[in-house]
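One letter stands for each residue in the lines below.
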Amino acid sequence: MSSPRDWNSLSHAPVGEVKALQDRALAKFVREELYPFSRYYRRVFDEAGVDPRSIRGVADLARLPLTTKQDLLRAQTTPETRYDFVLRPSPTLIKEHWPFGRKLAVGLGGAVARERLRYAYTPNFLTFTTGRSSEPVAFTYTPHDLDVLGEAIARMFDIGGVNSDSERMVNIFPFAPHLAFWAVTLGGFKTGRLVVPSGGGKVMGTDGNLRLIERIQATAIVGTPGFMYHLLRRGNELKVNFQNVRTIVLGAEKVPPGLKQKMIESLREGGAGDVRVIATYGFTEARMAWSECPAKPEETPGYHLYPDLGVFEVIDPVTGTVVPDGHDGELVYTTISGHGTCVLRYRTGDLCVGGLTWAICPFCGRTVARVSSELRRASEQHALNLTKVKGTLVDMSHMGTVLAEMPGVDEWQVVISKKNDDPLDLDQVEVRIAPRPEVDVEALKQRIVKELLRTTEVAPNSISVHSLAEMVQLLGMETAMKETRYIDRRPK
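What this report covers is the structure whose coordinates are included nearby. Counting from 1, residues in each chain are numbered in the order their sequence is written. Two thresholds apply to this predicted model, a pLDDT of at least 70 for residue-level local features and 80 or more for giving and counting side-chain atom pairs, whereas whole-chain, interface and lining totals are computed over all residues. Hydrogens are left out, water is left out, and the side-chain values use all remaining heavy atoms of the structure.

The next subject is the packing of aromatic side chains. The aromatic pairing rule takes the rings of Phe, Tyr and Trp, using the six-membered ring of Trp, and pairs them if the centres are within 6.5 Å, calling planes under 30 degrees apart stacked, those over 60 edge-to-face and the rest tilted. Counting across every chain of the model gives 23 aromatic pairs. Here the aromatic rings of Y281 and F283 are separated by 5.5 Å at their centres, their planes lie at 50°, and the arrangement is tilted. Across the pair, exposure class does not vary: Y281 and F283 are buried alike. Within the aromatic cluster, the residues linked to one another by ring pairs are W7, Y281, F283, W290, Y303, Y306, F312 and Y333. R102 extends its terminal NZ or CZ atom over the ring of W98, reaching a point 3.7 Å from the ring centre. Only lysine NZ and arginine CZ atoms are considered, and such an atom sits over a ring when it is within 6 Å of the ring centre and within 35 degrees of the ring normal. Taking the ring centre of Y229 as reference, the NZ or CZ of R233 above it sits at 4.9 Å. Partly exposed residues are those whose accessible area sits between 20% and 50% of the maximum for their type, while under 20% is buried and over 50% is exposed, using a 1.4 Å probe and protein chains only.

And the structure:
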């Protein structure tokens with residue numbers, strides 16, 4: 001794992017050098033960690049007839065099958081398989097698979113060597129997937145993995161420009177055994193920056209978070225896009241002073257450019273000067289997150305990757321074949337630095353428009369690979385029977401982008417149901433909105449219908465108008481881990 005100085009060198013090294021480093025790290029990880037110590041992947045390699053020593057670079061991964069969320073879920077159904085994805089070394093496996101020099105260091109190292117092994121491989125922490133579409137899956141971390149996570153988030157802070165000694169961050173992610181909250185917290189520990197966790201709206205309430213931001217004169221606020229915008233909007237109502245805030249870091253959800261602009265306007269209304277709003281991308285299975293570098297709201301730099309810590313591929317979501325750089329496809333992730341629960345060729349379910357690129361970032365000059373900032377969840381694509389002729393595949397994230405960016409809309413929610421509550425009847429789409437004050441509501445409704453038709457080719461059956469307070473309650477903004485943007489009431 002690299003030190004901050006090594007990261008600065010790595011992130012500006014020639015592309016060929018970075019790719020070669022990644023290939024070496026992957027080959028070593030598969031040969032000395034994953035194949036020897038993961039029962040699941042030992043079976044995968046053996047059943048595929050692939051010698052782990054033949055994996056010498058990223059291109060060789062295509063010879064192996066993909067891992068899915070269902071594979072993880074199945075492993076957790078019995079006590080015998082629960083730890084199949086966890087690296088679990090034993091003296092026999094170490095003797096069989098490690099190179100002579102590494103085995104010799106363990107054999108001659110005595111108590112110090114045993115402590116190093118414990119530190120590297122003994123799980124001491126858990127996070128869980130959110131479990132919206134299925135049962136939560138536990139991911140274990142060892143002390144080594146917590147070091148890796150801290151390093152990854154330190155890099156994220158560096159990429160996002162949150163790297164001054166005077167930074168005072170407020171972490172408004174909810175208290176929970178989920179990646180986002182702990183990543184930001186550990187990033188503060190790693191970098192020595194002041195990070196104050198508030199627990200989000202569920203713990204301190206919106207007004208309590210605002211008092212904390214004023215009290216410590218926060219320079220950066222980190223949280224989910226929906227609650228962040230709600231917080232800033234409420235701050236304007238209360239005349240909160242945001243003059244010290246320089247950076248907003250957003251995670252856990254897609255962030256349309258128009259929503260970034262709305263946040264900047266709210267901060268400037270509170271006295272802020274030059275503000276940057278930065279999106280991040282992370283998921284539990286990777287046990288880390290990646291960041292955009294600072295740019296204008298309408299510009300999308302892409303998420304800058306850490307080539308020595310993990311590998312991304314982009315595949316055709318139908319055929320599973322790897323697509324060339326720059327092409328759309330589904331992101332697939334392989335860890336090459338972790339212990340604990342490790343995945344290889346894991347299908348994220350995130351569809352990446354623009355794919356992966358190794359082109360030098362035009363905004364910051366870093367040479368590490370980037371994945372496009374435009375991501376869509378495959379689970380957000382719904383087949384709707386809106387006519388008696390045929391069904392229509394609707395990407396709900398497109399609908400959400402339109403509503404989030406609409407200037408006259410403060411909050412929104414989309415509800416899918418069946419006409420007359422009849423399982424055999426047509427699907428109905430209701431859009432719920434809380435319009436901004438002084439907005440012509442009828443004209444706003446017309447704009448929403450027009451933009452949704454243009455973007456998704458689907459017009460809502462109805463648009464219902466609610467007060468902001470009602471929408472905050474319907475969304476669960478201050479009571480749930482994440483606000484509920486989409487509700488599907490159709491019989492399963």
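Having seen the model, we can carry on.
What follows covers helix α6 (residues 100-121). Residues lying three or four places apart along an α-helix face the same way, a consequence of the helix completing one turn every 3.6 residues. End to end, α6 covers just 20 Å across 22 residues, shorter than the expected 32 Å (1.5 Å per residue, more than 12% under). At G110, α6 shows its maximal bend, which comes to roughly 125°. Contact partners of the buried residues in α6: α2 (15-37) and α7 (143-160). Under the scheme used here, helices are H or I runs from DSSP no shorter than 4 residues and strands are E runs no shorter than 2 residues, and both carry numbers assigned from the N terminus. One less than the number of residues in a helix, times 1.5 Å, gives the span that helix is expected to have. The quantity called bend is, for any residue, the angle between two axes fitted respectively to the seven residues ending at it and the seven beginning at it. Should any heavy atoms of two residues lie within 4.5 Å, those residues are counted as being in contact.

Turning our eyes to something else, we now look at the sheet that holds strand β21 (residues 486-488). When DSSP locates at least two bridges between a pair of strands, those strands are taken to pair. Pairing is mixed across the open sheet formed by 4 strands, whose spatial order is β20-β19-β18-β21. Looking along the sheet, the strands with just one partner apiece sit at the ends: β20 (462-465) and β21. Shown here is a sheet whose adjacent strand axes are inclined to one another by a mean of 20°, direction ignored. Strand direction decides the pairing type here: strand β19 (residues 427-435) and β20, joined by 4 bridges, are parallel. Residue pairing in the sheet places I433 in a bridge with V465 of β20. As a rule, the C-alpha atoms of each element are fitted with a line to give its axis, helices using only the stretch in contact, and angles between N-to-C directions run from 0 to 180 degrees.

Looking now at the sheet that holds strand β12 (residues 346-352). Spatial ordering of the open sheet is given by β10-β11-β12-β15, a layout of 4 strands whose pairing is antiparallel. Across the chains shown, the open sheet's two edge strands, defined by having one partner strand only, are β10 (310-315) and β15 (375-377). Adjacent strand axes in the sheet meet at a mean angle of 40° when their direction is disregarded. Note that β10 and strand β11 (residues 329-335) share 6 bridges and pair antiparallel. Bridge pairing in β11 links V314 to L331.

Bringing the side chain of S11 into the picture now. For S11, the location among the structural elements is in the loop between α1 (4-10) and α2. Setting aside chain neighbours within four positions, we find S11 in contact with R366, T367 and V368.

With that settled, consider the packing of helix α12 (residues 396-405) against helix α13 (residues 441-456). Two elements in contact, α12 and α13, have axes whose closest approach is 10 Å; the angle formed by their N-to-C orientations is 145°. Between α12 and α13 lies a crossing whose hand is right-handed. Residues H398, M399, V402 and L403 of α12 form the contact with α13, whose participating residues are I448, E451, L452, T455 and T456. By residue class, the composition of the contact of α12 with α13 is 5 nonpolar, 3 polar and 1 charged. Two helices crossing with the near one rotated counterclockwise from the far one by less than a right angle form a left-handed crossing, whereas a clockwise rotation gives a right-handed crossing. Each residue gets one label: Ala, Val, Leu, Ile, Met, Phe, Trp, Tyr, Cys and Pro are nonpolar, Asp, Glu, Lys and Arg are charged, and the others, such as Gly, are polar.

This brings us to the packing of helix α11 (residues 257-269) against α12. Running from amino to carboxyl end, α11 crosses α12 at an angle of 25°, the nearest separation of the two axes being 7 Å. Between α11 and α12, the crossing angle belongs to the class labelled roughly parallel. Between α11 and α12 the crossing geometry is left-handed. Facing α11, whose interface residues are P257, G258, L259 and K262, α12 presents L403, A404 and E405. Any angle between 65 and 115 degrees counts as roughly perpendicular, while under 35 counts as roughly parallel, over 145 as roughly antiparallel, and the rest as oblique.

What follows deals with the pattern of salt bridges. Just to be clear on terms, a salt bridge is a Lys or Arg side-chain nitrogen sitting within 4 Å of an Asp or Glu carboxyl oxygen. Per the counting criterion, the structure on display carries 28 salt bridges. The partner of E33 in a salt bridge is R102, with the nearest N and O atoms 2.9 Å apart. Remark: R102 occurs in helix α6 and E33 occurs in helix α2; sequence separation between them is 69 residues. Look at E33 and you get buried, because its relative accessible area is 6%. For R287, the salt bridge identified is with D145, shortest N-O distance 3.2 Å. With a gap of 142 residues between them, R287 in the loop between β7 (276-283) and β8 (288-291) and D145 in helix α7 connect regions that are remote in the sequence. Each member of the pair, R287 as well as D145, is classed as buried. Connected through shared salt-bridge partners, K28, R31, E32, E33 and R102 make up one network.

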